[in-house]
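Here is what each chain is made of, one letter per residue.
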Amino acid sequence: MTDSPFPNHDSRAIHVVAGVITDARDRILLARRTEGRDLAGLWEFPGGKVDPGETPEQALVRELREELGIEARVGEPVIAVPQRYPHKRLCLDVRRIAAWSGTVKGLDGQALAWVPPHRLASYAMPDADRPVVAALRDPPVYLITPEPDDDARWLDGLRAALDAGIARVQLRAPMLSIADPARWSSLVERAVAIAHDTEADALVNGDIALAEGLGIGVHLRAAQLAGLSARPAVAGSVIASCHTLDELVRAQTLGCDAAVLGPVLPTASHPGQAGIGWGAFAGLRERVALPIYAIGGLSAGDVDLARAHGAQGIAAIRGLWPA
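Cut-offs applied
- Residues numbered from 1 in each chain as written.
- Predicted model: local features only at pLDDT ≥ 70, side-chain atom pairs only at ≥ 80, totals over all residues.
- Heavy atoms only, no water.
- Helix = DSSP H or I, 4+ residues; strand = E, 2+ residues; numbered from the N terminus.
- Buried < 20%, exposed > 50% of the residue type's maximum accessible area, 1.4 Å probe, protein only.
- Contact = heavy atoms within 4.5 Å.
- Pairing = 2+ DSSP bridges.

Asker: I'd like a rundown of the environment of glycine 41, residues and numbers included.
Answerer: Within the secondary structure, glycine 41 is located in the loop between strand E2 (28-32) and strand E3 (43-44). Glycine 41 sits in the buried class, given a relative accessible area of 18%. Taking the C-alpha atoms as reference, glycine 41 lies 39 Å from serine 299; in sequence the two are 258 residues apart. Among all residues touching glycine 41, those that are not within four sequence positions of it are Arg32 and Arg33.

So this is what it looks like as structure tokens:
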């Protein structure tokens, strides 16, 4: 992650580095913030502030030695989450710990817990740590299907994308779903069967009733958010399209699993329109605790850049659909 971890390069934000430490059973270590500290009682990924003159890697090695009594080798970046709290702004810069030695102890009197990845979300955490859980557990790319011209070719394209490793897909065809709802419903049903074969997370755009009937997730349009009083009662994921801070806050209030925000960069579908840019994306990202996919002019090759600005990853049609 070569970009500044701070939204709009704000030097007043606090740079905090944390480590994802795993044991031989692939459990992840969490530490509980002690009484008398800010956000006391919440669970977090171990780490601390980067001191002047330190690199993030040096700071993380030092913090894990001082807090846990271990010697660590820092691995690859996970995500850098900009977060605004009422009294401070920070960037939580999270790295995997490639190897460590010693016996883990709470040297500051903090409680520790080794947690299976699927149970991380059940621990109460500071807002900045919640997108880290999603980055560790959920897909980094979110495919949005193009409008079908030929049903068989469209289904073949979907299968090719999922067979290639895409694990989350939004089934979307705004023109077909209006022009021929019966054909679209049948196509979605066949698409869901393909998604189940590959264990991909399938969501349908906008149609809550269809999602309920097929036992899948729903992708909410931005215009739907204001009209909902509760999270849709679907079996799968709930993700929302957002363009403004109010929409992001609404999606979080409803209990959505994630949001999609953009366009970040100019897109072929909207020629001549500039995207919001990564600085504005990070500035909105820091105001909520939701995992957020960046969208607009992006492809799978942009995942690392997106995560450097706090995104869960990227969402795309052209950038992810097989040629």
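Asker: Before we move on, can you summarise helix H9 (residues 277-285) with the specific residues and values?
Answerer: At 3.6 residues per turn, the α-helix brings residues three or four places apart onto the same side. Among the residues making up H9, those that are buried are Trp278, Phe281, Ala282, Gly283, Leu284 and Arg285. Packed against the buried residues of H9 are strand E5 (71-85), helix H2 (130-137), helix H8 (245-254), strand E13 (258-261), strand E14 (292-295) and helix H10 (303-308).

Asker: How would you summarise the sheet that holds E3 if you had to cite specific residues and measurements?
Answerer: Ordered in space as E3-E2-E7, the three strands form an open sheet in which the pairing is antiparallel. Each edge of the sheet is formed by a strand with only one pairing partner; in this case those strands are E3 and strand E7 (112-115). Judged from the four bridges that link them, E2 and E7 form a sheet pairing that is antiparallel. The residue of E7 that forms the bridge with leucine 30 is alanine 113.

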